[in-house]
Structures are given as C-alpha cells and as structure tokens.
Amino acid sequence: MLGTMDRTDAVFSATREGALARWEEFLPRASDYSALRNRVQPRHPHVSRLSPAIRSRLVTTQELVESLLATHAFTRVEKLVQELLWRDYWKGWLELRPGVWTAYRRELEHLKHNGDPAILHRAQEVMAGRGGIAVMDRFARELIETGYLHNHARMWWAGYWIHVERLPWVLGADFFYRHLLDADPASNTLGWRWVAGLQTKGKTYLPRRSNLEKYCSPVWMEDTTGLERIDDAVVSTLKLPEEPAATRVPWMPLWERPELPAGRWGLWIHGEDLTPDLSALGRFQPECVLTILDDPLMQAVGLSEGRIAYLRHALADARSRAAAHFGCPVEHRGEGSLAHHLAGVAREHRLDGWVAMRPAVGPLADALPEIESALQRAGLAIHWCRRRWDELRWPDAASGFFPFWEQTRARLASGTKPNSRQGVLPL
Ligand SMILES: Cc1cc2nc3c(=O)[nH]c(=O)nc-3n(C[C@H](O)[C@H](O)[C@H](O)COP(=O)(O)OP(=O)(O)OC[C@H]3O[C@@H](n4cnc5c(N)ncnc54)[C@H](O)[C@@H]3O)c2cc1C
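For the structure given in this document, a descriptive report is provided here. Since the model is a prediction, treat every value here as computed from it, not as a measurement. (Residues numbered from 1 in each chain as written. Predicted model: local features only at pLDDT ≥ 70, side-chain atom pairs only at ≥ 80, totals over all residues. Heavy atoms only, no water.)

In this section: the pairing of strand β2 (residues 288–292). With five of five residues buried, β2 is to be regarded as a mostly interior element. Neither face of β2 is exposed, since C288, L290 and I292 on one face and V289 and T291 on the opposite face are all buried. Relative to β2, strand β1 (residues 265–269) runs parallel, the two being bridged by four bridges. Note that in β2 the partner of W268 across the bridge is L290. Where β2 lies against strand β3 (residues 330–333), four bridges are found, and the strand directions are parallel. Residue pairing across strands places T291 opposite H332, the latter belonging to β3. (Buried < 20%, exposed > 50% of the residue type's maximum accessible area, 1.4 Å probe, protein only. Helix = DSSP H or I, 4+ residues; strand = E, 2+ residues; numbered from the N terminus. Pairing = 2+ DSSP bridges.)

Laid out in structure tokens, this is it:
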C-alpha cells in the first residue's frame with residue numbers, strides 16, 4: 001500500500017518544485033518520447049510521470065508546451081505536445097457535454113446498488129488482482145499500490161476488463177478513478193469510453209497478446225498464466241449511446257482581470273487548480289487564502305488513501321506558495337463541508353465573499369450549486385476565474401481530436417512564439 005508521502009513525492013511530485021525538477025530531468029529526453037513512450041517498464045523511464053501534478057495544476061500544460069517549444073524544434077517533440085493537448089481536448093470535450101459525466105455517475109450508482117451480484121463479485125476479484133491473467137493482475141496491484149499506470153497498461157487493462165472479462169465499463173472506470181493519483185473526470189471517463197468503443201464511432205481498443213509481448217517489460221511477461229484468454233478476446237459490442245451534442249458553453253462572465261466590486265475578498269484554493277498565483281488571480285490581493293481538504297466530497301466518490309494523501313500534500317504546497325506570493329493569512333480546514341468552511345472562515349475574516357478558479361466538470365463542480373446557494377444564504381458572493389488558455393482551447397473541442405489538433409499544430413509548427421507579455425500561446 002502507498003503509505004508514506006515521502007514515497008509518493010519521490011515518484012510522483014506533489015509539489016510544484018518537485019514537478020518542475022522532474023520536468024527538467026525529463027526535458028532533454030523529450031525528443032525520444034515518440035519512439036519509446038509505448039514501452040511499459042519498471043519505474044516508467046520513457047514517460048514524464050507528471051500526470052498527478054498536471055491534473056492538480058501544480059504545473060500547467062501551457063507552461064510545459066511553452067517549455068518544449070523553447071528548447072526543441074517542434075517536429076522533434078510533436079508527439080509529446082500532442083499528448084499534452086489530448087488532455088486539454090478531453091477537458092474541453094467534457095466541458096461542452098457535462099451530461100456524459102452525469103450519465104456515467106448515474107449508471108455507476110445504479111450498478112453499485114442494483115447490479116447483478118455475480119457480476120459485482122467478479123468485478124471485485126479482478127480489481128483485487130485475482131482475475132487469473134498474471135500480467136493483468138499485476139497491473140491491478142500496481143494501480144492500488146502506486147496510484148499510477150502507464151498509458152499503454154491503462155489501455156490493455158481497460159480492454160481486458162471490457163472485452164475479455166466483459167464487465168461493465170463504468171465499474172472499471174470507477175476503480176481507476178478511486179485509485180489513480182491523476183484521476184481526472186475527463187481523461188478517465190473518456191479514455192474508458194474510447195476503449196469500450198463508445199467515444200469514437202467505429203473505434204474500439206482490443207488488447208492483443210502480440211502487442212503485450214512487444215511493449216511490456218519481459219520481467220512482467222515471465223508469468224504467462226492466463227495469457228491465452230487475451231488471444232481469444234472478441235470485441236464486446238456495446239450499444240452506442242446517442243452522440244451528445246456539444247452545447248456551446250454558456251461561458252459565464254468569468255473574471256479575467258481583478259476588478260472585483262469593492263470589499264473584502266478571500267481566495268479559495270482547491271485541488272482542481274493549485275496555482276491560482278500563476279493565473280489572472282496572481283495580481284489579486286486577497287484578505288486571506290483558504291484551502292480545504294474536502295473530505296465529504298472525497299468520501300462520496302470513494303478516493304483511495306493514496307490519492308487523498310497526495311492531495312493533502314499538494315494543498316500544503318499550494319498554501320506555502322500562496323503565503324509567499326500573497327503575503328496574507330493562510331488558513332486550512334479539514335473535516336466538515338465545503339460550504340460550512342467557506343462561510344465560517346469568511347465570517348472570521350469579515351469577508352464579502354470568495355474568489356476561486358472555476359472547477360471543470362467533475363465532483364467539485366457537481367457540488368457548486370449547493371455551495372453557491374449556501375453562501376448566498378449567508379450573504380456571501382463567489383467570483384470565478386478561468387484560465388485564458390482554457391477559454392481559448394476548450395470551445396474547439398466541439399468535434400474530434402484531429403481537427404482540434406490540426407488547428408493547434410499548424411500554429412505551433414509555423415513558429416508562433418509564446419506571447420511573452422501574457423505568457424499565452426496565441427492558439
Ligand atoms: C482508460 C484510460 C484512463 C485514463 N485515465 C486518466 C486519468 O484519470 N487522468 C489522466 O491524467 N490521464 C488518464 N489517461 C491518459 C494517460 O494514460 C495518462 O495521462 C498518462 O498515462 C499519464 O502518465 P504520464 O504523465 O507519464 O504521461 P506522459 O506520456 O508523460 O504524457 C504527458 C502528459 O500528457 C497528458 N497525456 C498523455 N497521454 C494522454 C492521453 N492518452 N489522454 C489524455 N492526456 C494524456 C497527461 O497530462 C500526461 O501527464 C487515461 C488513459 C486511458 C486509456
């Protein structure tokens with residue numbers, strides 16, 4: 001079990017400084033990424049392992065893309081830039097179709113409470129690493145013990161779950177979501193839908209023994225128990241849901257420049273974005289900063305101890321950076337509801353309300369209506385900020401990845417330099 005933060009921080013940085021150090025170490029090898037990234041090996045040397053930090057926005061995809069372009073010719077790092085943009089694409093795609101997340105959560109709750117007991121039992125066995133295919137059982141244990149799986153292993157394992165075990169994809173997606181340190185409503189839900197053949201018409205991911213033998217470390221392939229079941233896999237045909245139409249986001253008036261109504265405002269920093277100091281909010285002068293380890297929310301989605309420990313550590317890092325940047329009192333709250341703490345700390349600091357980064361579709365965004373109305377009842381306002389990078393990129397995720405990518409690629413490859421004044425690539 002992933003017990004100590006020391007171990008987590010050594011492998012998956014839970015601080016901005018650690019994540020940037022890992023990036024500096026990885027950067028010289030970024031041009032080998034395209035050739036080596038599919039190899040699944042102990043300690044995952046060929047990939048950045050930065051996803052937990054990117055997920056919590058200890059570092060942003062924007063700054064990583066800028067750093068790649070500042071140090072390499074575009075063509076030498078194109079694949080890595082593309083993968084970083086996959087993340088932004090999935091975020092935008094789900095933001096434009098929040099109903100896909102709601103439907104997934106609804107189906108999950110339904111299955112957990114009303115699912116066929118034999119299926120639920122088999123799902124438990126496979127998740128516990130007792131499915132009977134040695135290499136897949138190893139991946140299940142790796143996920144539980146480290147909170148990470150290589151992308152190729154995620155594909156193999158999700159494909160095994162859906163097409164070999166023929167288990168409901170939402171239960172597998174939930175297993176990943178609870179254990180991954182980088183658990184992301186967009187990348188995880190849509191990654192699973194893609195493997196299941198629900199995301200891209202005509203595309204399903206079926207694991208192949210030859211592919212495992214080619215890319216998976218021989219150390220992990222020594223035990224061939226059960227591998228013949230992978231040979232026999234046949235695509236399980238799932239009923240395609242109706243393609244959800246992209247709602248042109250009613251982009252709310254988001255606050256880009258700190259021109260709040262006069263008054264006393266606090267800054268709430270949450271795990272969806274741990275670097276508001278590096279956004280438009282960096283120019284803001286809050287009366288206080290608050291972080292909350294949102295336990296009730298975490299328990300509702302059942303996050304693993306490892307993921308909670310990671311968040312606790314990353315929030316502490318955000319507080320120490322915020323204290324240095326904003327020079328105001330910094331508060332932290334643990335147990336109790338988010339709305340309760342936001343109202344309580346606002347009273348203690350005589351605030352008119354809060355300013356925060358707007359969470360993207362997911363559990364925290366689901367909780368916002370309740371939080372907003374509780375604050376309203378307490379006479380408090382909340383103002384949201386969204387990054388310019390997201391404002392620019394997300395609306396382009398209305399259709400497939402390749403139109404999204406081609407548009408971005410053309411601009412990057414034509415040598416467009418980062419706009420130094422705003423630090424935003426003019427995509
Ligand atoms: C079934 C399934 C579930 C997944 N669940 C998640 C999840 O919950 N959270 C998550 O961050 N990623 C998820 N991914 C995408 C991908 O597997 C991880 O982002 C990647 O393995 C993280 O490792 P890394 O940081 O070493 O990646 P690197 O290869 O070093 O890539 C750098 C960054 O690019 C982004 N990226 C790379 N590949 C992808 C991809 N295929 N899709 C989206 N973004 C990508 C990530 O932010 C990653 O950190 C999932 C993929 C699948 C197939």
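Another point: the sheet that holds β1. Spatially, β3-β2-β1-β4-β5 is the arrangement adopted by the five strands of the open sheet, whose pairing is parallel. The open sheet terminates on both sides in strands that have one partner only, identified here as β3 and β5 (381–385). The average undirected angle you get between the axes of adjacent strands in this sheet is 25°. Bridge count between strand β4 (residues 353–357) and β5: five bridges; the pairing is parallel. Paired with A356 across the strands is W384, a residue of β5. Along the sheet, helix α19 (residues 363–377) contacts β1, β4 and β5; its crossing angle with β5, the most-contacted strand, is approximately 145°. (Axes fitted to C-alpha atoms, helices over the stretch in contact; angles between N-to-C directions. Contact = heavy atoms within 4.5 Å.)

What follows is about the site of the ligand. Residues in contact with the ligand amount to 26 residues; listed here are only the nearest, Y33, S48, R49, Y148 and N151. Between Y33 and the ligand, the recorded distance is 2.5 Å, taken from a side-chain N or O atom to an oxygen atom. Contact between the ligand and N151: an oxygen atom at 2.7 Å from a side-chain N or O atom of the residue. Here the ligand has 820 Å² of accessible area as a free molecule, and 95% of this is covered by the chains. (Near = heavy atom within 4 Å. Polar contact = N/O pair within 3.5 Å; in protein donor to acceptor, adjacent residues only side chain to side chain. Areas by Shrake-Rupley, 256 points an atom, 1.4 Å probe, with all protein chains shown as cover.)

A word on unusual backbone geometry. Most peptide bonds take the trans configuration, and most residues that are not glycine carry a negative phi. Here the phi dihedral of R57 falls at roughly 55°; this positive angle occurs in a residue that is not glycine. Relative to the assigned elements, R57 resides in the loop between α4 (51–55) and α5 (61–71). The buried category is assigned to R57, whose relative accessible area is 10%. With phi around 50°, R350 is a residue other than glycine that occupies positive phi space. Looking at the secondary structure, you find R350 in the loop between α18 (338–348) and β4. Note on R350: relative accessible area 60%, which makes it exposed.

Here the structure, examined in full by the defined rule, presents 31 salt bridges. Put simply, D317 and R321 hold a salt bridge, and the shortest N to O gap is 3.0 Å. On the criterion of helical spacing, the pair formed by D317 and R321 is a turn pair, its members being four residues apart in helix α17 (residues 305–326). Neither D317 nor R321 differs from the other in exposure class; each is buried. Its salt-bridge partner being R386, residue E391 comes within 3.6 Å of it at the nearest N-O pair. One connected set of salt bridges, linked through shared partners, spans R55, R87, K91, D184 and E272. (Salt bridge = Lys/Arg side-chain N within 4 Å of Asp/Glu carboxyl O.)

Moving on, we get to the packing of aromatic side chains. Aromatic ring pairs are reported here in terms of the distance separating the ring centres and the angle at which the planes meet. Across all of its chains, the model carries 28 aromatic pairs by this definition. Ring centres of W86 and F402 lie 6.5 Å apart, and the angle between their planes is 85°; on these two criteria the pair is classed as edge-to-face. Within this pair, whereas W86 is found in helix α6 (residues 74–96), its partner F402 is found in helix α21 (residues 401–413), the two being separated by 316 residues in sequence. Exposure remark for F402: the relative accessible area of 48% places this residue in the partly exposed category. When the ring of W157 is compared with that of W192, the centres are 6.5 Å apart and the planes differ by 80°; the resulting orientation is edge-to-face. Placement of W157 in helix α10 (residues 151–164) and of W192 in helix α12 (residues 185–196) is noted, with a sequence separation of 35 residues between them. (Phe/Tyr/Trp six-rings, centres within 6.5 Å; stacked < 30°, edge-to-face > 60°.)

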